[in-house]
Amino acid sequence: GAAQCLNCSSGARLNETSCTCGDGLVWEWKDQYTGSCVPCLVNTYKSGDMTNCVRCPERSVSHAGAHHCTCSAGEFWNGTDCETCAGGRASTPGSLTCTTCPAASSNTDRTMCLCEPGLYWMWDLSSKGSCVPCTAGTFKSSTTTSCLLCPATSFSSAGAASCSCPAGTFWADGECEQCNTGSVSQTGSTDCVTCELGVAEDGNSCICGNGKEWRWEEGTGRCSPCKENTYKTENMTRCEACPETGSSGPGAVECTCNLGTFWTNKSCIMCTDNAFFDTVTQTCIQCPAGSVQVNSHTACSCGAGLSWHPLSRTCKACPKHHFSSAGSVQCEKCPLYTVSGRGSEKCAPCPMGQYWHNYTCETCNESGKIGNGVFCLDAYDEQTQELRASAQRNPPSSQNIVFTCILVILVVTCIVLIVLLVARQRKQRVNKQISMSYSVAPLTGGSESDWQDMRADSMSGPQVPIICALSGNDNPLPGSEENIYMFQQNENTI
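In this text, all values refer to a predicted model and were calculated from it rather than measured experimentally.

(A) How the structure looks around the overall build of the protein chain. When helices and strands are counted, the protein chain shows three helices and 42 strands. Considering the protein chain as a whole, with its 494 residues, one finds that 33% of them fall into the buried category.

(B) Fine view of the confidence of the model for the protein chain. For the protein chain, per-residue confidence averages 77 on the pLDDT scale, and 78% of positions sit at 70 or higher. Predicted confidence for residues 395-399 stays below pLDDT 50, and this span has four contacts to residues more than four positions away or in other chains. Within the model, the stretch residues 433-494 combines pLDDT values under 50 with 101 contacts to residues more than four positions away or in other chains.

(C) Up close: the environment of Ala90. Within the fold, Ala90 resides in strand β11 (residues 89-90). Here the alpha-carbon distance between Ala90 and Lys128, two residues 38 residues apart in the chain, equals 9.4 Å.

(D) Seen up close, the pairing of strand β37 (residues 354-357). Direction of pairing for β37 relative to strand β38 (residues 360-363): antiparallel, over a ladder of four bridges. Bridging across to β38, Gln354 finds its partner in Thr363. Linking β37 to β38, which pair antiparallel, is a turn of two residues; within it Asn358 sits at a positive phi near 50°.

(E) Local environment of the environment of Ile285. Mapped onto the elements of the fold, Ile285 is located in strand β30 (residues 283-286). Given the relative accessible area of 23%, Ile285 is considered partly exposed. Between the alpha carbons of Ile285 and Thr272 there is a distance of 9.5 Å; along the sequence they are 13 residues apart. The contact partners of Ile285, leaving out residues within four places of it in the chain, are Asn274, Ala275, Phe276, Asp278 and Arg313.

(F) Geometry of the state of the cysteines. For the structure on display, the rule yields 23 disulfides. Each sulfur of the disulfide joining Cys287 and Cys300 lies 1.9 Å from the other. Measuring the twist about the S-S bond at about -85°, one finds the Cys287-Cys300 disulfide to be left-handed. Within this pair, whereas Cys287 is found in the loop between β30 and β31 (293-294), its partner Cys300 is found in strand β32 (residues 299-300), the two being separated by 13 residues in sequence. The class for Cys287 is buried, based on a relative accessible area of 10%.

(G) Representation of the packing of aromatic side chains in the model. One pass over the structure, following the stated rule, counts eleven aromatic pairs. With 4.7 Å between their ring centres and 5° between their planes, Phe262 and Phe277 make a pair best called stacked. In this pair, Phe262 sits in strand β27 (residues 262-264) while Phe277 sits in strand β29 (residues 275-278), placing the two residues 15 residues apart along the sequence. With relative accessibility at 8%, the residue Phe277 sits in the buried group. Between Trp356 and Tyr359 the ring centres are 5.0 Å apart and the planes differ by 75°, which places this aromatic pair in the edge-to-face class. Judged by its relative accessible area of 14%, Tyr359 is buried. One aromatic cluster is present, built from ring pairs that chain together Tyr337, Trp356, Tyr359 and Phe375. Directly above the ring of Tyr359 sits Lys333, whose terminal nitrogen or CZ lies 4.4 Å from the centroid.

(H) Spotlight on the environment of Ser325. With respect to the helices and strands, the residue Ser325 is situated in the loop between β35 (322-323) and β36 (332-333). For Ser325, a relative accessible area of 39% puts it in the partly exposed group. The contacts of Ser325, once residues within four sequence positions are left out, are Cys302, Gly303 and Ala304.

(I) Representation of the pattern of salt bridges. Within this structure, the stated rule accounts for eight salt bridges. For the salt bridge of Lys266 with Glu240, the shortest nitrogen-to-oxygen distance reads 3.9 Å. Taken as a pair, Lys266 in the loop between β27 and β28 (267-269) and Glu240 in strand β24 (residues 240-241) lie far apart in primary sequence, 26 residues in all. Looking at Glu240, the relative accessible area reads 33%, which means it is partly exposed. A salt bridge links Lys369 to Asp378; its shortest N-O distance comes to 2.9 Å. Here Lys369 falls in the partly exposed class, since its relative accessible area comes to 30%. A single salt-bridge network, built from bridges that share partners, covers Glu213, Arg215, Glu217 and Arg222.

(J) Inspection of unusual backbone geometry at higher detail. Here Asn43, not a glycine, exhibits a phi torsion of approximately 70°, which is positive. Tracing the chain through its elements places Asn43 in the loop between β4 (35-39) and β5 (44-45).

Analysis parameters
Residues numbered from 1 in each chain as written. Predicted model: local features only at pLDDT ≥ 70, side-chain atom pairs only at ≥ 80, totals over all residues. Heavy atoms only, no water. Helix = DSSP H or I, 4+ residues; strand = E, 2+ residues; numbered from the N terminus. Buried < 20%, exposed > 50% of the residue type's maximum accessible area, 1.4 Å probe, protein only. pLDDT = per-residue confidence, 0-100. Contact = heavy atoms within 4.5 Å. Pairing = 2+ DSSP bridges. Disulfide = S-S within 2.5 Å. Phe/Tyr/Trp six-rings, centres within 6.5 Å; stacked < 30°, edge-to-face > 60°. Lys NZ or Arg CZ within 6 Å of the ring centre and 35° of its normal. Salt bridge = Lys/Arg side-chain N within 4 Å of Asp/Glu carboxyl O.

This is the structure in structure tokens:
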């Protein structure tokens, strides 16, 4: 017997004795006949067919009017309690389910997924998460869970695992450190490279020796040889290309110019007109008056007895015992057994009476010796020396050949007359009782004992030598040397 009927408020449904409210709400009577749906208190909840608000389990909380309790991160609400996420899954506080971590990530405390370096885990509004790149100017390493700002001296692009340090520094322990003296690094390096010569040009490159330049290759730097058709000297920082008229091999310090051109001031030049290339001034200079350029513009020619001196750029007299002909560039040393004075056009043997010794003419010191212009010989051979020296000083000419022919005829005539005269003297020997003897022997072909035998066979008395010789011949007849013959006669001198 109720005095009146119960009227449930909006949002509630009527049951037998009271009104039932929705999730997070509970029916509250104001008086015996009236009531309303009010929110569950903080840290309580109500949902489903529940008629009253229930206190949240331990480790969970709720706000007023909650239809479920809020679990901690790494857990999810299973409807009646907080349950821990399984391995490889994570959740945010208040999650009703756990999110599976991406394949390239991991989790340790189930509160979030740990992403690869350069990526961080971000939950969206629906409590679902994913790995997203760090923004430019930040980085995330494998040991951090969130993106950090790069130091003031460094920078990074989006999704960076570390910050990039400028050249001359390297990234270490979350900051940029300076390379040691004599070491360099390229931008973004994580370590430094020691210079080959111990001298850095700047923070990014080292100073290299001749024919080499600094290159970064395969993540490291080194002094590498210049490539073909390039060159570099020590005062250059990079290898430069050879000009079109030059070339070079690997590691060159200069280019090789084509024939007739010369390397100077990083280019190949060609001297024009009557000029030569001076290696001292590295320029083209006109040849002195009376001389012309020779040897592809590398020198100037000179007159007889002179040679070209590149340092003074003048023609100078040849030194003693050297000679040069007109148009020569260099003086030549005199042949053996000849000498010359300063500025000579040709060399000559020593004069008769002297001998040659180390390009000087000297007098024989030994008794009974005399020089023939080359050696010291026995004095008795003086006539042979004179004839030999004469032949050396006066080589055959067309006039000498004619003279020699006439001389040969005279010698033959002389011999015939002597033979006739000897025959006549033999005939007269009986009548006049004159003993006569003659001997004919090669002067240079016989020995000393032969000569003494001839003297013993001869008549006593004054003996006058008669000499007939072929002169002016550098090549005597075989076996007779100069064809010199000695005739001796007792009384008559022929």
